[in-house]
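Chain and residue survey
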Amino acid sequence: MLLYTANNGDYENLADRMQREPLRKTNVYVNLTNQCTCACTFCLRNTKEMRESNSLWLKREPSAQEVIAEFAKYDMKNFKEIIFCGFGEPTMRLDILIEIASYLKQRNKNISLRINTNGLCDLQAGKEIAPLFQGLIDTVSISLNASTAAEYLRLTRSKFGIQSFDAMLAFAVSCKKYVPHVVLTVVDCIGETEIIACQSLADKLGLTLRVRSFE
Ligand code: SF4
């Protein structure tokens, strides 16, 4: 599925959703890749069964033109927010993400665009990426996962090693200059003590922390 909607962990192809409830505004998720620089212990991508059966697993990565052609079928007024998310890390395909975001903003400058990311794209690209988001991306939501570098690495198994945590935080801070909303997220199952530590870290960096339920 390239474009889909989500509801409590259930995913539905956008075309099916629009046929079922054409008049209700919805959040749309854009699925660009299966690739990721992490191998999180909790990620669904890590089970062979999920890789083979999950409808979000892409057999082939789409081109920008293919995603744009899908969006062209719909009136932008049908969408509340468009989120680059999917089964992998969307910034692994940064060039097409930017191309698609530019197309969407050209069609409707008021449409809200969000990226859900592991926040490691500066490490992946070897440069500061946030300036590319200026005027295009309204929200960057970054998985904080943990309050320390060691725990972060234990959970994410990032290919960049122990430097990943600090690089992710630096990316979050850099996004503040270019993106109106920057949010760090953790899941509620990490425990109260860890949530308090993450909140304190977010406060220190001047960032919002969102605690979301683990699906
Ligand atoms: S960063 Fe996201 S996509 Fe990548 S392994 Fe972790 S949970 Fe999965």
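Let us look at the structure shown here. (Residues numbered from 1 in each chain as written. Predicted model: local features only at pLDDT ≥ 70, side-chain atom pairs only at ≥ 80, totals over all residues. Heavy atoms only, no water.)

This part is about the nonpolar core. Phe71, Ile82, Ile100, Leu104, Phe133 and Leu144 are the most contacted members of the largest nonpolar core, which has 57 residues in total. Among the elements that make up this core, the one with the highest residue count is helix α4 (residues 94–107) (eight residues). Listed in part, the seven residues of the second largest apolar core include Met1, Tyr29, Cys85 and Phe87. (Core = buried A, V, L, I, M, F, W, Y, C linked by side-chain atoms within 4.5 Å. Buried < 20%, exposed > 50% of the residue type's maximum accessible area, 1.4 Å probe, protein only. Helix = DSSP H or I, 4+ residues; strand = E, 2+ residues; numbered from the N terminus.)

The subject of this paragraph is the pattern of salt bridges. In the structure shown here, the tally under the stated rule is 12 salt bridges. Linking Glu12 and Arg20 is a salt bridge whose minimum nitrogen-to-oxygen distance equals 2.6 Å. Arg24 is the partner of Glu21 in a salt bridge, and the nearest nitrogen-oxygen pair spans 3.0 Å. Connected via shared salt-bridge partners are Glu12, Arg17, Arg20, Glu21 and Arg24. (Salt bridge = Lys/Arg side-chain N within 4 Å of Asp/Glu carboxyl O.)

Once that is clear, we can look at the site of the ligand. Near the ligand you find Cys36, Cys38, Ala39, Cys40, Phe42, Cys43, Arg45, Phe87 and Asn118, and these make up its full shell. Class assignment of the residues belonging to the shell around the ligand gives a composition of seven nonpolar, one polar and one charged. (Near = heavy atom within 4 Å. Nonpolar A, V, L, I, M, F, W, Y, C, P; charged D, E, K, R; others polar.)

Strand order in the open sheet made by the eight strands is β2-β1-β3-β4-β5-β6-β7-β8, with mixed pairing throughout. On the outer flanks of this sheet lie β2 (10–13) and β8 (208–212), each paired with one strand and no other. Each strand axis lies, on average, 30° off the axis of its neighbour in the sheet, ignoring direction. On top of the sheet, helix α7 (residues 164–175) reaches β5 (112–117), β6 (139–143) and β7 (181–187); it is set at about 165° to β6, its chief contact. In the packing of helix α8 (residues 192–205) onto the sheet, contacts are made with β7 and β8, and the angle to β8 comes to roughly 155°. (Pairing = 2+ DSSP bridges. Axes fitted to C-alpha atoms, helices over the stretch in contact; angles between N-to-C directions. Contact = heavy atoms within 4.5 Å.)

Right, let's talk about α4 for a bit. The periodicity of an α-helix, 3.6 residues per turn, causes residues three or four places apart in sequence to face the same way. Here α4 is 14 residues long and its end C-alpha atoms lie 20 Å apart, about the 20 Å a rise of 1.5 Å per residue gives. All of the buried residues along α4 are Leu94, Ile96, Leu97, Ile98, Ile100, Ala101, Tyr103, Leu104 and Lys105. Buried residues belonging to α4 abut α3 (64–71), β4 (79–84) and β5. (Expected span 1.5 Å × (residues − 1).)

Okay, the packing of aromatic side chains next. What describes a pair of aromatic rings is the distance from one ring centre to the other and the angle between the planes of the rings. Applying the stated criterion across every chain, the model contains seven aromatic pairs. Summarising the aromatic geometry, the rings of Phe71 and Phe79 are spaced 6.1 Å apart at their centres and angled 75° between planes, so their arrangement reads as edge-to-face. For Phe71, a relative accessible area of 0% translates into the label buried. Here Phe79 falls in the buried class, since its relative accessible area comes to 2%. Here Phe133 and Phe171 contribute two aromatic rings whose centre-to-centre distance is 6.5 Å and whose plane-to-plane angle is 85°, an arrangement assigned as edge-to-face. Of this pair, Phe133 sits in the loop between α5 (121–125) and β6 while Phe171 sits in helix α7; the two residues are 38 residues apart in sequence, bridging distant segments of the chain. For the pair shown, Phe133 and Phe171 are each scored as buried. Every member of this aromatic cluster is reached through a ring pair, and the members are Tyr4, Tyr11 and Tyr29. (Phe/Tyr/Trp six-rings, centres within 6.5 Å; stacked < 30°, edge-to-face > 60°.)

What follows concerns unusual backbone geometry. Of note in the backbone geometry, Asn145 takes a positive phi value of approximately 70° without being a glycine. Mapped onto the elements of the fold, Asn145 is located in the loop between β6 and α6 (149–156). Overall, Asn145 belongs to the buried group, its relative accessible area being 12%. Backbone geometry at Arg157 places phi at a positive 50°, although glycine is not the residue there. Judged by relative accessible area, Arg157 falls into the partly exposed class, the value being 44%.

Turning our attention to the pairing of β6. Summarising burial for β6: five of the five residues are buried, a large majority. On β6, burial covers both faces: Thr139, Ser141 and Ser143 on one face and Val140 and Ile142 on the other are all buried. Inspection of the sheet shows β5 paired to β6 by four bridges, in the parallel sense. Following the sheet pairing, Ile115 is matched in β6 by Val140. Two strands pair when backbone bridges link them, and β6 and β7 are joined in this way by five bridges, in the parallel orientation. Across the sheet, Ser141 pairs through a bridge with Val183, a residue of β7.

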